[in-house]
Amino acid sequence: MMKRIACCLLLGLLSVPAPAENRVLRLAHGLDRSHPVHKAMVFMAERAQEKSHGSLKIFIYPSEQLGNEKECIEGLQLGYLSMTKTSTASMEAFVPELKVFSMPYLFRDSEHFWKVCQGEIGKSLLVAGQAKGLRGLCYYDAGARSFYAKKPILKPSDLCADGMTLKVRVLPSQIVREMVSTMGGAPTPISWGELYTSLDQGVVDAAENNPPSLLSSRHYEICRYYSLDEHTRIPDMLVLSSRVWQSLSEEHQRILQEAVDESVEYQKQLWREGEEYAMKVVQEDGVEVFRPDKEPFRKAVEPMMKKYEESSLGDLIRKIREVK
């Protein structure tokens, strides 16, 4: 860990402008190079360099080279990292308003999700963490999350059947932990990089994620049952240090945001293709895919949703539901 921090501190120094007209930003994240979101960020970096004629360069460090999501977010605050890609679930501890993205069955479908993200609500949530040193630049599609396990999960009671409660790996999110617990499972937070081994060794019995992540992580080699209950749509988020943003020239701010916006549209296309490809590959490998009735899952989390509708997040939940 100390070596990692030392490395990050050195990289952080390189994020400070040498001559004012040239900038090098370091972007770290946990996904592997084959993932659609990583490819979109590579596209973003290329466009930023082209648009700036080489004066704005973004170097990307995937696969948790510089730490897990929580460590990278803290790296932005501490100043040894410029940018990171993180799930909004990991941002909840820093920006509580982002908990709303983890609410089960809040978004009706992908179209509703994107209307929220690219509308007034989504834009305001991107900058909700500025006072804490965190400025969101965009959301990337992370699809709908569903359960995969060593046994079929066709209804909530399958998470706690035959005298055994399934240990389900969850994101570092209070909402997701509550959701799994309410459905009957045992939520178990585990780092993404440690999950394959944890599944293989029986530390957890199941996990929940989208098709491209199931494929790229190779978790399907262990979990042979994929139940598309599609309980949440938790986006990825590209986050920049507020201090770094303020230190950029207006021209570099404009170029960076343009490159980011272009990468979002590119990533949507990659995501659609990636979902289709992932489903094809895992099924050809023998994974059984189920499309269970979602209504029992929705009903199972109704008490939890009612509690949050009456909380400080209630107004935001209502506004999201009203988006047509």
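Conventions we followed
- Residues numbered from 1 in each chain as written.
- Predicted model: local features only at pLDDT ≥ 70, side-chain atom pairs only at ≥ 80, totals over all residues.
- Heavy atoms only, no water.
- Phe/Tyr/Trp six-rings, centres within 6.5 Å; stacked < 30°, edge-to-face > 60°.
- Helix = DSSP H or I, 4+ residues; strand = E, 2+ residues; numbered from the N terminus.
- Buried < 20%, exposed > 50% of the residue type's maximum accessible area, 1.4 Å probe, protein only.
- Lys NZ or Arg CZ within 6 Å of the ring centre and 35° of its normal.
- Pairing = 2+ DSSP bridges.
- Axes fitted to C-alpha atoms, helices over the stretch in contact; angles between N-to-C directions.
- Contact = heavy atoms within 4.5 Å.
- Salt bridge = Lys/Arg side-chain N within 4 Å of Asp/Glu carboxyl O.
- Core = buried A, V, L, I, M, F, W, Y, C linked by side-chain atoms within 4.5 Å.
- Left-handed = near helix turned anticlockwise from the far one by under 90°.
- Nonpolar A, V, L, I, M, F, W, Y, C, P; charged D, E, K, R; others polar.
- Expected span 1.5 Å × (residues − 1).
- pLDDT = per-residue confidence, 0-100.

A. Region of the structure containing the packing of aromatic side chains. On inspection of all chains with the given rule, the structure shows 7 aromatic pairs. Ring geometry for phenylalanine 101 and tyrosine 139: centres 5.3 Å apart, planes at 55°, overall tilted. On the criterion of sequence distance, the pair formed by phenylalanine 101 in the loop between α4 (88-91) and α5 (110-117) and tyrosine 139 in strand β4 (residues 134-140) is long-range, its members being 38 residues apart. Residue classification places phenylalanine 101 among the buried positions, given a relative accessible area of 0%. Judged by centre distance (6.3 Å) and plane angle (25°), the rings of tyrosine 225 and phenylalanine 290 are stacked. Of this pair, tyrosine 225 sits in strand β11 (residues 225-232) while phenylalanine 290 sits in strand β13 (residues 288-290), and the two are 65 residues apart along the sequence. Three or more aromatic residues joined by ring pairs make a cluster, and in this case those are Phe101, Phe107, Phe113, Trp114 and Tyr139. When the ring centre of tyrosine 196 is taken as reference, the NZ or CZ atom of arginine 218 above it lies at 4.8 Å. Taking the ring centre of tryptophan 114 as reference, the NZ or CZ of lysine 268 above it sits at 4.3 Å.

B. Seen up close, unusual backbone geometry. Unusually for a residue other than glycine, glutamate 64 sits at a positive phi of about 60°. By secondary structure assignment, the location of glutamate 64 is in the loop between β2 (56-61) and α3 (69-78). According to the relative accessible area criterion, glutamate 64 is buried, its value standing at 19%. For arginine 218, which is not glycine, the phi torsion reads 65° and is therefore positive. Within the secondary structure, arginine 218 is located in the loop between α9 (211-216) and β11. Classification of arginine 218 by relative accessible area gives partly exposed; the value is 41%.

C. Local environment of the sheet that holds β4. Spatial ordering of the open sheet is given by β2-β1-β3-β12-β4, a layout of 5 strands whose pairing is mixed. Across the chains shown, the open sheet's two edge strands, defined by having one partner strand only, are β2 and β4. Here the average twist between neighbouring strands, direction ignored, is 25°. Contacts from α3 reach β1 (23-28), β3 (83-87), β4 and β12 (236-241) within the one sheet, and its direction differs from that of β3 by about 140°.

D. A look at the pairing of β11. Across the 8 residues of β11, 6 count as buried, placing the element largely inside the fold. Pairing geometry for strand β5 (residues 145-149) and β11, over 4 bridges, is antiparallel. Paired with alanine 149 across the strands is tyrosine 225, a residue of β11. In terms of strand pairing, β11 meets β13 through 3 bridges, oriented parallel. Residue tyrosine 226 lies in a different strand from β13, and its bridge partner there is valine 289.

E. Structural view of the pattern of salt bridges. All chains considered together, the criterion is met by 25 salt bridges. For the salt bridge of lysine 167 with aspartate 205, the shortest nitrogen-to-oxygen distance reads 3.6 Å. With lysine 167 in strand β8 (residues 167-170) and aspartate 205 in the loop between α8 (195-200) and β10 (206-209), this pair connects stretches of sequence that are 38 residues apart. Its relative accessible area of 31% is what places lysine 167 among the partly exposed residues.

F. Summary view of the nonpolar core. In terms of nonpolar packing, the biggest core is built from 82 residues, with Met44, Ile58, Met83, Phe101, Tyr140, Leu238 and Leu256 touching the most fellow members. Not counting residues within four places of it along the chain, the set of residues in contact with methionine 44 comprises Leu27, Ile58, Met83, Tyr140, Leu238, Leu256, Ala259, Val260 and Ser263. With 19 residues, the next largest nonpolar core counts Leu199, Cys223, Val281 and Val289 among its residues.

G. Quick peek at the packing of helix α2 (residues 36-51) against helix α11 (residues 250-284). Between α2 and α11, the least distance of the axes is 8 Å, while the angle of their chain directions is 145°. The handedness of the crossing between α2 and α11 comes out as right-handed. Listed contacts from α11 to Pro36, Val37, Lys39, Ala40, Phe43, Met44, Arg47, Ala48 and Lys51 of α2 are Ile255, Leu256, Glu258, Ala259, Val260, Glu262, Ser263, Tyr266, Gln267, Leu270 and Trp271. Here the contact of α2 with α11 is composed, by residue class, of 13 nonpolar, 2 polar and 5 charged.

H. Molecular detail of α2. For α2, with 16 residues, the first-to-last C-alpha span of 22 Å sits near the 22 Å given by 1.5 Å per residue. Along α2, the residues classified as buried are Pro36, Val37, His38, Ala40, Met41, Met44, Ala45 and Ala48. Once α2 ends, the next one or two residues include histidine 53, with phi positive near 55°.

I. Main features of the pairing of β5. With respect to burial, β5 is a largely interior element, 5 of its 5 residues being buried. Both faces of β5 are covered, namely the face carrying Arg145, Phe147 and Ala149 and the face carrying Ser146 and Tyr148.

J. Seen up close, the confidence of the model for the protein. Summary statistics for the protein give a mean pLDDT of 94 and a share of 94% for residues scoring 70 or more. In the predicted structure, residues 13-20 sits below a pLDDT of 50 and forms 10 contacts with residues beyond four places in sequence or in another chain.

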